[in-house]
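So the chains spell out like this:
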Amino acid sequence: MNMDSPLSAAVALIGALVLLRFQAWRAVLCLRPQSVRVEVDTPADVTAIPPELEDTWGELKKLGFTLLGAHTERAPLTSAHWFLDAVHPTHPVVASLCVSPDEQDHLVFLTQSERGFVITANYRRLSFEVPGAYLAGGLDGATPERLLKAHLRRVPEIGAPKVLKTIEERVVAAREWYSRSGKPELRQQHAVGLLWTLGAVGMVGAALFRLVA
């Protein structure tokens, strides 16, 4: 944009600030995935099922899942996301359920081992694999039953799984994912946000220089 006039510089500054508002959190997540704060929200006995998740939760109960509780995840510069968590009684699988920004039920199955994680989602998610250590992907629109079958087929690839029995253990697993196995995936996913942020910072600097010059 031509910065010759103060008006153009002001417009560029506003545009850059708006861009930072929507992209800066992605830059932070790209650089420091472990900065996401994961906390226990409520234990099972006081966790209420939101009406918009009742149908999917009902399907999970039919598959044998029992409620662990709820947890929150908050990336820097964003609001917290709330997750309903459940565990299967015979398979080493934790289910996490939330409402996405487009108001769809997002379901993720997670299994952890000493080597890493298997993660399978019911929404479009780019596949990311480290053979024998980390397997992540999505089946867009899959039912909980179909998703669980697909997930269980991949669990043996990461070795002996851990059994997560409490909401606290679920939170620890999430923190480990952000600080270890999930880092490469998050950095790949948010690299574009980092580039946009760097560009916006440059625009802010150029616009401010023109306004005060």
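Residues numbered from 1 in each chain as written. Predicted model: local features only at pLDDT ≥ 70, side-chain atom pairs only at ≥ 80, totals over all residues. Heavy atoms only, no water.

Right, let's talk about the nonpolar core for a bit. Counting residues in hydrophobic clusters, the biggest one holds 23 residues, and the most contacted among them are Val-36, Val-38, Phe-117, Ile-119, Tyr-134, Trp-177 and Tyr-178. Only strand 5 (105–112), strand 6 (117–121), strand 8 (134–138) and helix 4 (167–181) provide two or more residues apiece to this core. Here this core gets 6 residues from one element, more than from any other, and that element is helix 4. Every residue in contact with Ile-119, bar those within four places of it in the chain, is listed here: Val-108, Phe-109, Leu-110, Arg-125, Tyr-134, Leu-135, Ala-136, Gly-137, His-151 and Trp-177. Leu-84, Ala-86, Val-93 and Leu-147 belong to the second largest nonpolar core, which has 14 residues in total. (Core = buried A, V, L, I, M, F, W, Y, C linked by side-chain atoms within 4.5 Å. Buried < 20%, exposed > 50% of the residue type's maximum accessible area, 1.4 Å probe, protein only. Helix = DSSP H or I, 4+ residues; strand = E, 2+ residues; numbered from the N terminus. Contact = heavy atoms within 4.5 Å.)

On to the environment of Ala-48. Within the fold, Ala-48 resides in the loop between strand 1 (37–43) and helix 2 (54–62). With 22 residues separating them in the primary sequence, Ala-48 and Ala-70 have C-alpha atoms 9.0 Å apart.

This brings us to empty space enclosed by the protein. Within the structure shown, the criterion is met by 1 cavity of 30 Å³ or more. Roughly 40 Å³ of volume is contained in the largest cavity. Lining the largest cavity, in full, are Val-87, Pro-92, Val-93, Val-94, Leu-110, Thr-111, Gln-112, Lys-162, Val-163 and Leu-164. Its residues assigned to classes, the lining of the largest cavity shows 7 nonpolar, 2 polar and 1 charged. (1 Å grid on protein atoms, 1.4 Å probe; cavity = no way out; pocket = protein on both sides within 12 Å on 5 of 7 lines; lining within 4 Å. Points joined across faces, edges and corners; volume = space filled by probe spheres on them. Nonpolar A, V, L, I, M, F, W, Y, C, P; charged D, E, K, R; others polar.)

So, on to the confidence of the model for the chain. For the chain, per-residue confidence averages 91 on the pLDDT scale, and 97% of positions sit at 70 or higher. Per-element averaging of pLDDT across the chain places helix 1 (residues 6–31) at the bottom with 84 and strand 2 (residues 66–74) at the top with 98. (pLDDT = per-residue confidence, 0-100.)

Quick look at the pairing of strand 3 (residues 81–87) now. Across the 7 residues of strand 3, 5 count as buried, placing the element largely inside the fold. Alignment of strand 2 against strand 3, held across 7 bridges, turns out to be antiparallel. Looking across to strand 3, one finds that His-71 is bridged to Phe-83. In this structure, the hairpin formed by strand 2 and strand 3 is closed by a connection of 6 residues, where Leu-77 is found at a positive phi of approximately 70 degrees. (Pairing = 2+ DSSP bridges.)

Approximately 1,300 Å³ is the volume attributed to the largest pocket. Residue lining of the largest pocket: 39 residues in total, with Glu-73, Phe-83, Tyr-123, Tyr-178 and Gln-189 positioned closest to the centre. The leading source of residues in the lining of the largest pocket is helix 5 (residues 183–212), at 5 residues. Its residues assigned to classes, the lining of the largest pocket comprises 22 nonpolar, 10 polar and 7 charged. Taken as a whole, the second largest pocket holds about 150 Å³ of empty space. Considering the residues around the second largest pocket, the lining is formed by 14 residues, among which Asp-105, Asn-122, Tyr-123, Gly-141 and Ala-142 are closest to the centre. Listing elements by their share of the lining of the second largest pocket, those giving two or more residues are helix 2 and strand 5. With 3 residues, strand 5 is the single largest residue contributor to the lining of the second largest pocket. In terms of residue class, the lining of the second largest pocket is built from 4 nonpolar, 6 polar and 4 charged.

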